[in-house]
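Secondary and tertiary structure notes
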6 protein chains.
Amino acid sequence: KGHRGLAYENAFAGVTSFMRRSLTKDLAGVDLAITGIPFDQAVTNRPGTRFGPRAIREASTLQAFDVPYGWGYNPFDAFDIVDYGDMAFDYASVAEFPARAEAHVAGILKAGAACIALGGDHSVSLALLRAHAAKHGPLALVQFDAHTDTWADDDMARIDHGTMFGKAVKTGLIDPARSVQIGIRTDNPDTMGITVLDAPFVHEHGPAATAARVREIVGEAPAYVSFDIDALDPAFAPGTGTPVWGGLSSAQAAAVLRGLRGIDMVGGDVVEVSPPYDPTGVTAIAGAHVAVELICLWGWTRRGETGAKP
Amino acid sequence: KGHRGLAYENAFAGVTSFMRRSLTKDLAGVDLAITGIPFDQAVTNRPGTRFGPRAIREASTLQAFDVPYGWGYNPFDAFDIVDYGDMAFDYASVAEFPARAEAHVAGILKAGAACIALGGDHSVSLALLRAHAAKHGPLALVQFDAHTDTWADDDMARIDHGTMFGKAVKTGLIDPARSVQIGIRTDNPDTMGITVLDAPFVHEHGPAATAARVREIVGEAPAYVSFDIDALDPAFAPGTGTPVWGGLSSAQAAAVLRGLRGIDMVGGDVVEVSPPYDPTGVTAIAGAHVAVELICLWGWTRRGETGAKP
Amino acid sequence: KGHRGLAYENAFAGVTSFMRRSLTKDLAGVDLAITGIPFDQAVTNRPGTRFGPRAIREASTLQAFDVPYGWGYNPFDAFDIVDYGDMAFDYASVAEFPARAEAHVAGILKAGAACIALGGDHSVSLALLRAHAAKHGPLALVQFDAHTDTWADDDMARIDHGTMFGKAVKTGLIDPARSVQIGIRTDNPDTMGITVLDAPFVHEHGPAATAARVREIVGEAPAYVSFDIDALDPAFAPGTGTPVWGGLSSAQAAAVLRGLRGIDMVGGDVVEVSPPYDPTGVTAIAGAHVAVELICLWGWTRRGETGAKP
Amino acid sequence: KGHRGLAYENAFAGVTSFMRRSLTKDLAGVDLAITGIPFDQAVTNRPGTRFGPRAIREASTLQAFDVPYGWGYNPFDAFDIVDYGDMAFDYASVAEFPARAEAHVAGILKAGAACIALGGDHSVSLALLRAHAAKHGPLALVQFDAHTDTWADDDMARIDHGTMFGKAVKTGLIDPARSVQIGIRTDNPDTMGITVLDAPFVHEHGPAATAARVREIVGEAPAYVSFDIDALDPAFAPGTGTPVWGGLSSAQAAAVLRGLRGIDMVGGDVVEVSPPYDPTGVTAIAGAHVAVELICLWGWTRRGETGAKP
Amino acid sequence: KGHRGLAYENAFAGVTSFMRRSLTKDLAGVDLAITGIPFDQAVTNRPGTRFGPRAIREASTLQAFDVPYGWGYNPFDAFDIVDYGDMAFDYASVAEFPARAEAHVAGILKAGAACIALGGDHSVSLALLRAHAAKHGPLALVQFDAHTDTWADDDMARIDHGTMFGKAVKTGLIDPARSVQIGIRTDNPDTMGITVLDAPFVHEHGPAATAARVREIVGEAPAYVSFDIDALDPAFAPGTGTPVWGGLSSAQAAAVLRGLRGIDMVGGDVVEVSPPYDPTGVTAIAGAHVAVELICLWGWTRRGETGAKP
Amino acid sequence: KGHRGLAYENAFAGVTSFMRRSLTKDLAGVDLAITGIPFDQAVTNRPGTRFGPRAIREASTLQAFDVPYGWGYNPFDAFDIVDYGDMAFDYASVAEFPARAEAHVAGILKAGAACIALGGDHSVSLALLRAHAAKHGPLALVQFDAHTDTWADDDMARIDHGTMFGKAVKTGLIDPARSVQIGIRTDNPDTMGITVLDAPFVHEHGPAATAARVREIVGEAPAYVSFDIDALDPAFAPGTGTPVWGGLSSAQAAAVLRGLRGIDMVGGDVVEVSPPYDPTGVTAIAGAHVAVELICLWGWTRRGETGAKP
Ligand SMILES: [Mn+2]
Ligand SMILES: [Mn+2]
Ligand SMILES: [Mn+2]
Ligand SMILES: [Mn+2]
Ligand SMILES: [Mn+2]
Ligand SMILES: [Mn+2]
Ligand SMILES: [Mn+2]
Ligand SMILES: [Mn+2]
Ligand SMILES: [Mn+2]
Ligand SMILES: [Mn+2]
Ligand SMILES: [Mn+2]
Ligand SMILES: [Mn+2]
């Protein structure tokens with residue numbers, strides 16, 4: 001129960017599965033699968049996010065002995081959560097990637113498990129949204145980001161980490177009226193109907209008011225939470241491809257995430273952690289924390305469900 | 001128009017002129033020239049700011065596709081802005097430097113362009129102030145810094161990044177009654193009549209109140225805005241020579257700078273970015289953002305002028 | 001007077017004693033001795049704090065020309081403060097370490113000097129508490145930390161940086177009713193009677209309210225202030241063994257420390273600075289600042305005492 | 001003449017064109033164009049070579065005042081050599097890249113200039129070979145590498161930095177009987193007819209004997225020299241995607257390159273410099289040196305030609 | 001067969017077991033188990049080797065697609081080789097470590113598998129020697145190192161990475177007449193009967209002569225090969241605790257190791273890889289190569305044995 | 001005797017005097033004083049050598065327990081050797097530096113001690129040569145360097161790390177007929193009569209032949225040995241201002257230095273170690289080793305003198 005990995009490993013040792021979860025491709029009875037999508041071939045500037053899953057897993061070993069802070073329950077006790085490993089693909093045939101990524105995630109969902117993904121660059125969210133929308137219908141997108149990623153691009157063959165949410169709106173994967181972007185601080189005149197709570201909004205109104213506004217927008221809709229690590233300020237997340245100053249602190253991000261409890265999160269991801277640009281390791285540490293907060297948020301509304309383990 | 005450089009360059013490629021501006025020594029019709037002053041021979045502790053202009057230019061390429069955030073206009077469309085390249089000088093004849101730096105900047109101003117400089121250590125601001133005061137008369141200094149840089153030093157031949165603003169007051173380049181220092185958190189009992197809004201002031205009162213107070217002090221005077229990157233906390237700007245804890249966040253700095261709109265900024269600089277101490281690159285990223293905010297601030301009051309391009 | 005070291009050293013040069021204090025084993029007439037405890041063999045994850053004292057000393061040279069900010073007095077003028085050097089010990093006989101560390105500190109206290117220690121991992125605080133409690137009786141612990149370090153462990157031979165404050169409560173070294181932990185953001189259901197002002201508390205209520213609450217808890221009790229650098233967010237202190245997101249900013253920490261003035265601080269430490277994980281150096285800079293703030297806090301109530309040098 | 005860039009720039013300043021050459025798209029009268037191919041989307045392991053051209057250019061500024069060592073002539077005086085800038089392309093349409101890269105290089109060759117390219121990952125050499133073979137016919141490949149890069153792959157749409165030389169042999173771009181690989185130290189049973197002088201060969205026989213053997217194999221054939229920086233040992237070139245121990249020293253590489261004088265080199269490249277994995281910068285420094293040696297080698301046989309400038 | 005791990009993983013992705021071997025505690029039918037001993041509490045200077053196994057595993061993924069170079073056979077096909085994971089232990093009870101480490105290794109040997117260990121600091125070799133000598137009797141030690149590690153120390157309770165081979169000689173674990181140290185370049189007048197082929201010897205006589213001399217000394221004795229990564233020069237292995245200039249190149253080390261083929265190696269280790277001091281990663285890469293060479297050397301004489309898989 | 005510092009310090013702890021020597025300004029009875037000249041304001045490219053003395057001292061602590069290798073005697077036992085600390089000077093009055101540096105060294109020599117200096121950039125050698133030539137007359141210069149540093153410059157007021165040996169020849173401080181440069185690999189047509197044994201010479205002929213040739217050139221003349229760390233290849237010394245590929249290995253350098261035994265070395269320096277460009281620390285380690293080899297070389301001929309301590 002709990003799909004704990006080896007009986008005991010030192011924090012600094014052993015196989016670095018996410019949060020020391022069992023590393024398995026067997027999803028029978030699994031409530032939630034963590035999987036890595038180590039793709040970075042769609043970035044406009046600095047690559048390296050292919051090593052994001054590896055670094056986030058390693059950083060997570062530091063938290064593996066602790067009950068997540070600030071939630072009042074332990075999702076790793078309440079649910080069967082496993083590390084499903086990384087998606088494998090042909091790095092030399094980039095055009096084939098999105099369909100394979102979608103199939104990878106659809107396979108997890110079909111097995112009855114929910115999925116939280118570790119990126120990879122932000123373009124991978126499009127495949128994730130496709131798989132989730134196929135199951136849940138149009139989704140409320142809750143996006144933490146410095147960028148809107150809704151730049152116009154009608155060429156569906158282009159794989160770009162700055163345009164995929166525009167494509168997601170256009171193809172009906174997400175409902176812009178139920179969607180919200182938090183931490184934005186780059187210009188994009190066409191928000192495609194998505195509400196923007198930009199970084200200055202968070203700094204002025206605080207995380208509690210921000211979370212309240214997000215909950216209001218999302219309502220009862222099934223929600224997909226996508227956390228681009230560049231939502232954080234470069235001080236908190238230097239290891240990313242397109243950093244922008246004036247971002248959120250980790251304390252603000254944690255408070256907003258915890259403040260979302262009650263929304264119907266059905267899936268999510270943390271993306272854009274780029275280890276080669278992270279010599280201090282703080283970005284991977286932040287990424288691992290985001291992943292754990294997402295797990296807590298996902299599990300919060302499911303704690304009392306039949307089948308959950310209270 | 002707009003003096004865009006090459007037709008298209010990937011963010012990660014090409015010649016790294018500032019914001020992809022044309023790199024030229026021809027100032028005909030130019031409204032604003034960005035120039036580097038790669039001098040670091042006046043520092044008390046860690047050198048390296050001679051590489052500041054190079055690093056800030058490279059970091060700026062990440063913003064070159066975006067309209068600056070939070071201003072409501074694009075100065076790169078409204079004005080002719082070029083990259084004038086770096087000042088060249090004899091590193092082995094340090095005593096000759098200040099006069100040459102002043103002549104370099106005076107040449108830009110004489111050509112009818114305004115100038116925003118990329119340092120270099122903070123000592124270069126003295127040459128910049130001399131050139132600007134020769135044109136505009138005594139200036140209101142708006143200084144972001146952890147240090148006052150007004151330490152007493154009657155030896156005008158000493159070139160020191162901790163004493164030049166004392167010399168600037170004494171020689172009438174700046175009007176202390178119209179000048180203000182923001183972010184200070186080191187002791188200097190003699191402020192020489194300059195108002196100090198120290199870092200605790202900003203933390204307690206917030207950036208909006210800080211900006212309002214600055215505008216009040218500066219009034220209608222022609223203002224020179226000098227941004228020592230160590231105004232930011234070491235978390236946000238580790239790559240600098242004399243870091244001090246308890247500094248501003250990048251979000252606070254951005255909000256103060258944007259809150260200054262309306263002052264009559266005639267010139268400015270961003271200094272003390274030291275790339276050898278910046279393995280994560282966040283300091284250069286912050287420096288490039290400061291430079292863009294300064295450009296926006298400079299252009300704000302000029303948007304409607306005859307000769308400006310709205 | 002003031003036990004200044006060499007007559008003059010450039011900030012970047014010379015022997016790096018703490019704040020350029022005299023480096024001496026002679027404590028005659030000394031009010032306060034700074035000593036390093038370079039031990040890192042009790043860490044659960046990343047080692048390296050054995051180099052903490054060396055790095056903090058080096059970082060302190062940047063502040064050696066300045067009067068500490070925000071206190072209104074200069075403790076280095078008011079008191080005789082020296083650098084007592086590091087404790088030496090047999091790294092290959094770990095079990096012997098705690099008794100030797102306690103003896104090292106007891107020797108300082110017996111000579112009539114107060115002691116502020118530079119760690120080292122947090123386990124060294126147990127030896128420090130023993131030596132101080134032997135002199136002052138049960139202490140009020142003021143602990144800045146991401147972790148409570150009160151995990152249950154009845155094996156007194158284990159040397160663990162996560163359990164020593166539990167042992168300190170059990171052995172009567174500290175009075176939990178007078179003790180308080182600030183910045184906590186990891187779970188530990190058994191706080192052993194110590195008040196916890198967790199990181200969200202500080203973020204929501206601010207440093208002034210936090211300091212007021214701490215002073216209220218501590219009251220008149222002799223207080224020991226232990227600052228685990230991981231109380232700061234990883235952005236501000238990446239170079240530490242067990243970083244946790246959502247921590248304090250350096251500005252918050254400075255404000256809380258300055259807000260404690262008036263408590264009867266009898267000793268303290270700054271621990272968990274791990275230079276190998278600090279490529280930007282900001283952690284050592286923060287550590288040096290914490291040490292100076294602790295000195296100011298220690299000296300504040302003693303300024304008027306007989307024997308002090310006003 | 002000589003297409004020197006600005007009149008004077010400090011080594012640490014100014015625009016970082018390769019060796020301070022003029023940065024121009026005008027190839028009239030140009031003998032040799034240096035161009036960057038900042039592509040890294042075909043790597044099996046670590047990306048980052050998209051920043052290779054930028055880093056090599058910057059490292060080259062250190063050599064810009066010197067006559068290349070060990071050649072007895074200065075190619076920058078003898079020939080018109082310019083920096084043609086980087087190829088621009090759509091990072092989000094990877095499949096289109098090879099044809100565009102080939103067209104980019106073909107354009108240079110058609111203008112009458114020779115071309116030496118700065119990678120980018122090694123896959124870019126296929127486009128370069130195509131453009132050169134179209135002009136010169138089947139080429140002798142002189143490849144410095146830890147890997148043969150001749151792995152079987154019949155899918156011409158795959159863009160892979162480990163298979164392009166197999167494709168080059170199969171499509172007749174290179175003549176294996178006239179081709180040689182130097183520094184190999186990974187296994188590939190099928191060498192496709194290319195002679196392998198592996199790293200142990202160089203270590204045992206020395207650079208002079210190695211160069212003699214290469215000249216013997218190449219003979220009079222038009223030669224393309226491709227230098228994968230991982231031919232060097234990781235100590236000399238840590239900043240690369242697929243490092244292998246037991247490689248060449250920089251002294252060995254320099255001696256072999258200088259020992260090739262007399263072959264009819266018609267073009268070449270230096271590839272696989274990955275700046276994000278090069279915190280010491282030595283890989284970019286080595287890459288800049290390789291580029292200069294290639295220029296010297298290219299120019300050696302052309303010194304006396306009509307049109308050359310002796 | 002071959003105990004390959006997952007069917008396919010990208011080099012940059014997936015669980016980083018050593019050379020993608022199966023990660024298992026089941027040793028039935030296993031010929032060789034690779035295990036990590038992540039202990040670093042016995043070092044005289046810089047710690048960090050507790051992360052050695054993790055870093056070596058990660059670095060090994062780069063070689064996982066290749067047949068080891070220069071051996072003419074593939075041990076991963078010839079034998080069942082698994083990753084046995086890391087030894088777990090109580091970091092807070094250091095004195096208990098050696099016995100537990102010995103039991104850990106003895107368990108592997110008792111199961112019928114050979115063992116090659118990834119350190120950890122060099123002190124762990126004593127536990128490894130104890131377990132191996134218990135099975136094989138007194139061993140010939142083939143030690144690559146900058147240091148002899150035979151310093152006198154009669155206190156068997158001290159756990160020191162500079163004295164364990166002295167203890168090994170005294171307690172009869174190794175036969176000094178059959179033992180040899182390669183690469184030494186620090187002084188120790190008492191070699192305890194072990195032959196020293198110091199670094200100058202290797203530089204003057206070359207790796208082939210060095211290997212021949214080692215084979216001569218070892219003869220038919222069962223040999224334990226211990227490779228302290230500091231045998232390599234700091235250029236090739238900066239990430240280690242006690243680096244010394246004038247060391248071996250990786251090419252020399254590889255050639256000596258390959259030249260040892262024919263000795264009866266029964267076990268071995270690679271130790272002293274310290275990732276926090278390895279920002280370029282070359283030390284971990286070297287460590288992974290050493291481990292593979294050791295596997296090849298171990299397997300060489302066993303290729304034809306009954307039970308081996310040719 | 002031996003001027004050992006504190007009784008015992010851990011390698012990782014304590015005040016980092018050079019080789020744990022006493023740190024003193026009292027030269028009574030001292031045979032040799034080590035002093036730092038932390039000046040870096042004369043460099044053409046990257047600064048940072050002002051931190052060279054600090055880093056070399058710290059790196060030397062690793063060797064402080066060992067007898068220097070390969071010499072057969074211990075100079076620290078044979079002579080009274082102290083750490084004289086760093087020269088202090090006004091960084092803001094660069095023109096005054098050379099005279100002050102010369103006076104600093106002259107003071108040491110006048111006190112009867114010999115002097116070996118830790119730079120600092122190479123320009124400091126001019127002041128050192130002046131002080132030594134004043135005492136010993138024209139000197140034989142033994143210079144290890146990638147550059148000749150004899151560029152023409154008749155302006156004696158310029159302080160440049162590329163011209164000082166030209167000035168030294170012209171002003172008669174060194175006798176070019178008795179002088180030799182080792183490791184050169186940048187072009188300078190005017191060697192001013194000094195013999196050049198360039199890097200290819202060392203690689204082809206080996207260190208023993210190189211040392212023999214140096215001894216022949218120097219003969220009986222009083223010799224000054226100046227070791228620019230960039231004589232080493234960037235792999236061995238990345239942390240320097242003007243690295244050039246193709247340099248010496250540390251093993252070659254050590255062998256040449258040891259091979260010089262018998263020359264009459266009267267003084268020397270190790271310069272151009274630039275810590276900000278040395279994230280792996282190998283350059284400082286190499287610098288500390290060079291310093292110890294220089295001490296051994298200096299002491300070798302003096303072992304039997306009256307006054308020496310055998
Ligand atoms: Mn983003
Ligand atoms: Mn995004
Ligand atoms: Mn400042
Ligand atoms: Mn300043
Ligand atoms: Mn803690
Ligand atoms: Mn703690
Ligand atoms: Mn290769
Ligand atoms: Mn290749
Ligand atoms: Mn060793
Ligand atoms: Mn060893
Ligand atoms: Mn040099
Ligand atoms: Mn030099």
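Notes on the structure follow. (Residues numbered from 1 in each chain as written. Chains lettered and ligands numbered in written order. Predicted model: local features only at pLDDT ≥ 70, side-chain atom pairs only at ≥ 80, totals over all residues. Heavy atoms only, no water.)

Focus: the interface of chain C and chain F
At the interface, 22 residues of chain C touch 22 residues of chain F. Summing both sides of the interface, chain C and chain F together bury roughly 2,000 Å²; the carbon and sulfur share of this comes to 57%. Three residues stand out in chain C for area buried against chain F, namely Asn10, Phe12 and Arg54 of chain C, and they jointly supply 35% of the buried area on that side. In this assembly, chain C and chain F are joined by two salt bridges. Measuring nitrogen to oxygen at the nearest pair gives 3.2 Å for the salt bridge that ties arginine 54 of chain F to glutamate 58 of chain C. At the junction of chain C and chain F, the tally comes to ten residue pairs in polar contact (both at pLDDT 80 or more). In terms of residue class, the side of chain C that touches chain F is built from twelve nonpolar, four polar and six charged. (Contact = heavy atoms within 4.5 Å. Buried area = accessible area lost by both parts, 1.4 Å probe. Salt bridge = Lys/Arg side-chain N within 4 Å of Asp/Glu carboxyl O. Polar contact = N/O pair within 3.5 Å; in protein donor to acceptor, adjacent residues only side chain to side chain. Nonpolar A, V, L, I, M, F, W, Y, C, P; charged D, E, K, R; others polar.)

Considering the pairing of strand E2 (residues 81–86) of chain C
Two faces belong to every sheet, and in a regular strand the side chains alternate between them. Residues and elements named next belong to chain C. Of all six residues in E2, six are buried; the element is thus mostly enclosed. Examined bridge by bridge, strand E1 (residues 32–37) and E2 share four bridges and lie parallel to one another. Its bridge partner being in E2, alanine 33 is matched across the sheet by valine 82. (Buried < 20%, exposed > 50% of the residue type's maximum accessible area, 1.4 Å probe, protein only. Helix = DSSP H or I, 4+ residues; strand = E, 2+ residues; numbered from the N terminus. Pairing = 2+ DSSP bridges.)

Observations regarding the sheet that holds strand E1 (residues 32–37) of chain A
Residue and element names in this part refer to chain A. Strand order in the open sheet made by the eight strands is E2-E1-E3-E8-E7-E4-E5-E6, with parallel pairing throughout. Two strands bound the open sheet, and with one partner strand each, they are strand E2 (81–86) and strand E6 (195–197). Neighbour to neighbour, the strand axes of the sheet diverge by 20° on average, direction disregarded. Together, E1, E2 and strand E3 (114–119) form the strand contacts of helix H3 (residues 97–110), whose direction differs from that of E1 by roughly 165°. (Axes fitted to C-alpha atoms, helices over the stretch in contact; angles between N-to-C directions.)

Points about the relation of the copies chain C and chain F
By a simple turn and slide, chain C fits onto chain F: the slide is 0.0 Å along the axis, the RMSD is 0.0 Å, and the turn is 180°. Such a turn and shift between the copies fits a two-fold axis. (Least-squares fit on C-alpha atoms with pLDDT ≥ 70 in both.)

Considerations on the interface of chain B and chain C
Opposite the 23 residues of chain B that make contact, chain C presents 23 residues. In total, about 1,800 Å² of surface goes out of reach between chain B and chain C, with carbon and sulfur atoms giving 69% of it. Its largest share of buried area at the contact with chain C, chain B owes to Asn45, Asp187 and Trp245 of chain B, together 39% of the area lost on that side. For the interface between chain B and chain C, the tally reads zero salt bridges. Scanning the region where chain B abuts chain C turns up five residue pairs in polar contact (both at pLDDT 80 or more). Its residues assigned to classes, the side of chain B that touches chain C comprises ten nonpolar, nine polar and four charged.

So, to be careful, I would describe these as geometric facts and stop short of saying anything about function.
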